[in-house]
Amino acid sequence: MTSATKRPVAACIASANVHLVYDDGATEKVDSKYAAEVRARAAQIDRKSSWKKGGSGAAFMGAGQLWAEDVDDMPIVATAVARGRSAGEVLYTLRTPAVGGLFAYDLTKGEESRVFHGTGHDFMGLSSSEYHTVLATATTQGKMRRGIAVMKDDGSEMAQITEGDSFDDDPSWVPTPPKGDKCVHELVYSSAGIGRDEAGQFAGLGPRSVVLLDAEHGTMKTLVEDPAYDFTNPRMTSDGTLYCVRRPYVSPFDRPNASASIKDAALLPFRLGSAVFNYLDYFTMRYTGKPLASSGSTRDKAADARRMLELGNLGRAVRGVERGLTDDAPKDARVPTSWQLVRVAPKRAPEVVVDRVAAFDRHGERFVFTDGVSLHTLSASGAAKKLAELPYVTDLAVL
């Protein structure tokens with residue numbers, strides 16, 4: 001195993017799986033023992049109920065292969081990754097159709113251990129601290145709401161610390177050393193208000209701001225906000241300097257102009273035809289392994305879609321929609337130049353560090369960021385250097 005001879009510099013989630021990334025550009029997928037066990041149990045259940053999916057049993061049920069699910073395609077999705085509770089460990093969260101949980105990977109032994117898992121756990125963000133044993137995470141709270149929660153690093157005593165009609169995400173502990181024998185529990189996170197229509201139904205999210213939270217005392221302070229931008233993925237240094245991703249905010253209530261409406265109306269029949277064809281193409285490929293079209297570009301996209309399905313495209317879709325990534329081939333999934341890593345010094349305006357940033361992390365003097373398909377390191381002078389290439393990178397942690 002690669003990790004037996006050298007240590008990775010970062011861990012990331014790419015195509016809904018956890019990968020380790022090394023200084024020389026090599027990458028290594030973390031094979032989850034838990035995911036294998038879940039699929040093995042599902043396969044056993046599938047064999048016991050196979051009479052419903054084939055032969056006379058399927059005919060009696062009116063089902064058959066048309067609606068049969070391949071257990072190899074079961075979505076087991078990595079949703080968040082973070083530095084471990086000690087050196088040589090990576091933490092990550094997994095979600096299956098039924099349960100979710102927190103797992104640890106020992107980089108020295110190459111072994112996965114289960115911290116905890118259970119139903120009702122849906123983690124979409126994770127942060128550990130080198131100064132205390134409390135983890136921070138973002139958890140779903142009913143339909144379209146998300147809040148910040150903290151728990152001990154063994155998964156016990158979880159407590160929700162932000163609630164309400166908001167979408168709170170991307171928690172990150174501020175690396176503040178203890179004051180005497182007392183630990184400081186401060187973290188930063190992104191927060192957006194939820195917009196609703198006249199019927200009270202979800203209509204969209206407002207601009208995301210960055211909030212500093214004293215988790216112990218429950219005090220909050222907005223650090224940066226702008227109605228024209230979303231600020232996400234915050235990280236704060238011990239001297240109070242904030243780093244985060246700034247991207248243009250798109251209001252869900254924006255109305256298209258007249259020319260755009262006319263263009264959309266003219267293209268409607270073609271778009272509907274394309275949607276029907278793509279659905280049939282996917283359906284045919286899903287059950288026969290062959291696409292309807294055999295042209296070069298279409299074949300390439302079909303092959304990529306099948307590979308993404310095998311790797312867990314549900315996770316890519318969920319995280320991709322939230323990060324704004326596209327569903328096309330990897331070369332098209334880079335985020336635009338308007339997505340920028342910015343530095344916000346105390347009482348200063350945001351200063352652009354580098355363009356095309358979907359997510360990033362920093363630890364000590366090391367910066368690593370992704371444009372959605374590639375990982376890059378960032379030097380102290382601001383020069384970016386390509387580290388590795390992985391499709392659909394959605395989260396990362398510097399180790």
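Residues numbered from 1 in each chain as written. Predicted model: local features only at pLDDT ≥ 70, side-chain atom pairs only at ≥ 80, totals over all residues. Heavy atoms only, no water.

Participant: Sorry if this is basic, but what is going on with the sheet that holds strand 18 (residues 242-248) here?
Facilitator: Within a sheet, neighbouring strands are paired by backbone hydrogen bonds and run either parallel or antiparallel to one another. Spatial ordering of the open sheet is given by 17-18-19-20, a layout of 4 strands whose pairing is antiparallel. Every other strand in the sheet has two partners, leaving strand 17 (229-236) and strand 20 (351-355) as the edge strands with one partner each. The sheet shows a mean angle of 30° between the axes of neighbouring strands, taken without regard to direction. Sheet topology places strand 17 next to strand 18; 6 bridges connect them, and they run antiparallel. When the sheet's bridge partners are listed, Met236 is paired in strand 18 with Leu242. (Pairing = 2+ DSSP bridges. Helix = DSSP H or I, 4+ residues; strand = E, 2+ residues; numbered from the N terminus. Axes fitted to C-alpha atoms, helices over the stretch in contact; angles between N-to-C directions.)

Participant: Quick question: what am I supposed to make of the sheet that holds strand 6 (residues 100-106) here?
Facilitator: Strand order in the open sheet formed by 4 strands is 4-5-6-7, and the pairing between neighbours is antiparallel. Strands with a single pairing partner mark the edges of an open sheet, and in this sheet they are strand 4 (77-83) and strand 7 (111-118). The sheet shows a mean angle of 25° between the axes of neighbouring strands, direction not considered. Pairing between strand 6 and strand 7: 7 bridges, direction antiparallel. Directly across from Gly100, in strand 7, lies its bridge partner Gly118.

Participant: Is there a simple way to explain unusual backbone geometry in this structure?
Facilitator: A negative phi holds for most residues other than glycine; trans holds for most peptide bonds. Of note, the phi angle at Asp170 is positive, near 55°, even though the residue is not glycine. Structurally, the position occupied by Asp170 is in strand 12 (residues 166-173). Unusually for a residue other than glycine, Lys347 sits at a positive phi of about 60°. Tracing the chain through its elements places Lys347 in the loop between strand 19 (340-344) and strand 20. By relative accessible area, which is 90% here, Lys347 ends up exposed. (Buried < 20%, exposed > 50% of the residue type's maximum accessible area, 1.4 Å probe, protein only.)

Participant: It is not clear to me how the environment of Pro336 should be interpreted in this structure. Could you clarify?
Facilitator: Among the secondary structure elements, Pro336 is positioned in the loop between helix 5 (313-323) and strand 19. Judged by relative accessible area, which is 38%, Pro336 ranks as partly exposed. C-alpha separation for the pair Pro336 and Val357, spaced 21 residues apart in sequence, amounts to 8.2 Å.

Participant: I tried to follow the pattern of salt bridges on my own but got confused; where do I start?
Facilitator: Side chains that differ in sign of charge can pair as their charged atoms come close. On inspection of all chains with the given rule, the structure shows 12 salt bridges. The salt bridge partner of Glu89 is Arg85, with a shortest N-O separation of 2.9 Å. Taking the relative accessible area as the measure of exposure, Glu89 reaches 14% and is therefore buried. Given the relative accessible area of 35%, Arg85 is considered partly exposed. Between Arg235 and Asp361 there is a salt bridge, with its nearest N and O atoms 2.7 Å apart. In this pair, Arg235 is assigned in strand 17 and Asp361 in strand 21 (residues 359-363), connecting sequence segments 126 residues apart. (Salt bridge = Lys/Arg side-chain N within 4 Å of Asp/Glu carboxyl O.)

Participant: Would you explain the nonpolar core in this entry?
Facilitator: Soluble globular proteins: nonpolar side chains tend toward being buried together. Counting 20 residues, the largest nonpolar core has Leu20, Val81, Val90, Tyr92 and Tyr105 as its most contacted members. Apart from the residues lying within four places of it in its own chain, the contact partners of Leu20 are Pro8, Ala10, Ala11, Ala26, Thr27, Glu28, Val30, Val90, Tyr105 and Leu107. Ranked by size, the runner-up nonpolar core spans 13 residues in total, among them Ala10, Val368, Leu375 and Leu387. (Core = buried A, V, L, I, M, F, W, Y, C linked by side-chain atoms within 4.5 Å. Contact = heavy atoms within 4.5 Å.)

Participant: Before we go on, may I ask you to explain the pairing of strand 14 (residues 202-205) in this structure?
Facilitator: Residues in a regular strand project their side chains so that they alternate between the two faces of the sheet. The pairing of strand 13 (residues 186-196) with strand 14 spans 3 bridges and is classified as antiparallel. From the neighbouring strand, Gly195 faces strand 14, where its bridge partner is Gly204. With antiparallel pairing between neighbouring strands as the criterion, strand 13 and strand 14 make up a hairpin whose turn holds 5 residues, including Gly200 at a positive phi of roughly 85°.

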